[in-house]
Amino acid sequence: MDWGMANRMARLIQPDGHCMFLPIDHGYFQGPTRMLEQPGETIKPLLPYADALFVTRGVLRAVVDPALDKPVILRMSGGTSMVGADLANEGITTSMDDAVRLNVAAVGISVFIGTEFEKESLLNLGKLVDEGEKYGIPVMAVTAVGKELEKRDARYLSLCTRICAELGAKVVKTYWCEDFGKVVGGCPVPVVMAGGPQADTEREVLEFVKDGMDNGSIGINLGRNIWQSEHPVPMIRALRHIVHENGTVAEAQEVFDSVKAGNGRVASVPA
Ligand code: 5RP
């Protein structure tokens, strides 16, 4: 791997081999998603606990301080909306020139496997990988959004993640599912987990993230279950305890409860 590519990967994936990406790209097809109406305000208290921000160029330029000391993953695909004919019919919306200008650490693109637009989205992934290789910019492939969430099982998600890796993605984002080890085991590049719509309880999120980490995921790219939580900072800190401290669910719950109660420090676990 060339130095530039290796350097970007090292900024994204922390020395422990794990990562916490904070996605706030949802507006590119959902508009002002709940709690992301003012993304600059939403991320302010969360950024200290995130390893990278996943964002569109519009929001990046509009609300993110250029003095940001965290790497940026730039969303490069879009062109559809949740009220349009088909969410899967995405194209590449942002040039690699602009990604370079924005000094990003990686770029992200969605693929829609099993849809009418499967081929187009996969060819777009291939093109983006070609462009990324020219400049030393890694591509994160994003699997299974929108309608595809109905197919949240290991068979489908291993198909998606493997195809993304075969086409050159350096990291693949997918959803946690039962038998998650099969998904990770069939994917030769690192896998990160998204959360999907807000879960009923924080505990559920801690549990699936722990299971995913135990089964080989390198981390999370988790949005709504953090910033739509009633307690976003306790939530991201609890998740950080699992991802970076190998904490148990019980310990993470303790972090959550303690930070929520206003104690920055937790007696039995590191901050
Ligand atoms: C939306 C995305 C998001 O980055 C991804 O789905 C993660 O967010 P969440 O945890 O809210 O699902 O790619 O298109």
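Predicted, not measured: the structure shown is a model, and the values here were computed from it. (Residues numbered from 1 in each chain as written. Predicted model: local features only at pLDDT ≥ 70, side-chain atom pairs only at ≥ 80, totals over all residues.)

Mind showing me how you'd approach the overall build of the protein here?
Check the secondary structure of the protein and you find twelve helices and ten strands. Taken over the C-alpha atoms alone, the protein extends approximately 50 × 40 × 40 Å along its principal axes. The long-range share in the protein, meaning contacts at least 24 apart out of those at least 6 apart in sequence, stands at 65%. (Helix = DSSP H or I, 4+ residues; strand = E, 2+ residues; numbered from the N terminus. Contact = placed C-beta atoms within 7 Å.)

What is the right way to look at the nonpolar core in this model?
Generally speaking, a soluble globular protein has its nonpolar side chains buried in company with each other. Counting 79 residues, the largest nonpolar core has Ala-52, Ile-73, Val-107, Ala-141 and Leu-239 as the members making the most contacts within it. Broken down by element, this core gets its largest block of residues, six residues, from helix H11 (residues 232-245). With sequence-adjacent residues up to four places away left out, Ala-141 is seen in contact with Ile-109, Val-111, Leu-125, Cys-164, Ala-169, Val-172 and Lys-173. (Core = buried A, V, L, I, M, F, W, Y, C linked by C-beta atoms within 7 Å. Buried ≥ 20, exposed ≤ 12 C-beta atoms within 10 Å, placed from the backbone.)

Which parts of the structure should I look at to understand the site of the ligand?
Neighbouring the ligand are 14 residues; Pro-23, Ala-194, Gly-195, Gly-223 and Arg-224 lie closest to it. Residue composition of the shell around the ligand, grouped by class: six nonpolar, six polar and two charged. (Near = placed C-beta within 6 Å. Nonpolar A, V, L, I, M, F, W, Y, C, P; charged D, E, K, R; others polar.)

How do you make sense of H11 when you look at a structure like this?
Think of an α-helix as 3.6 residues a turn; residues three or four steps apart then line up on the same face. The end-to-end C-alpha distance of H11 is 19 Å, a good match for the 20 Å that 14 residues give at a rise of 1.5 Å each. Listed in full, the buried residues belonging to H11 are Pro-234, Met-235, Ile-236, Arg-237, Ala-238, Leu-239, Arg-240, His-241, Ile-242 and Val-243. Structurally, H11 contributes buried residues whose contacts are with strand S1 (19-23), helix H9 (202-214), strand S10 (219-221), helix H10 (224-227) and helix H12 (249-260). (Expected span 1.5 Å × (residues − 1).)

What am I meant to see in the packing of H9 against H11 here?
Axes are the key here: two packed helices are described by the angle between their axes and the distance separating the axes. Look at H9 against H11: their axes get within 10 Å of each other, and the N-to-C directions meet at 20°. Judged on the interaxial angle alone, H11 and H9 are roughly parallel. The handedness of the crossing between H9 and H11 comes out as right-handed. Residues Glu-202, Leu-206, Val-209, Lys-210 and Met-213 of H9 pack against Met-235, Ala-238, Leu-239, Ile-242 and Val-243 of H11. Here the residues of the contact of H9 with H11 are counted per class, giving eight nonpolar, no polar and two charged. (Axes fitted to C-alpha atoms, helices over the stretch in contact; angles between N-to-C directions. Parallel < 35°, antiparallel > 145°, perpendicular 65-115°, else oblique. Left-handed = near helix turned anticlockwise from the far one by under 90°.)

Help me out: how do you make sense of the pairing of strand S6 (residues 106-111) in this one?
Every regular strand shows the same layout, with side chains that alternate between the two sheet faces. When you tally the buried positions in S6, you get six out of six residues, the bulk of the element. In terms of strand pairing, S6 meets strand S7 (residues 139-143) through five bridges, oriented parallel. Each bridged residue has a counterpart across the sheet, and for Val-111 the counterpart in S7 is Thr-143. Traced from S6 through helix H6 (residues 118-135) to S7, the parallel crossover comes out right-handed. (Pairing = 2+ DSSP bridges. Right-handed = clockwise from strand over helix to strand, strands pointing away.)

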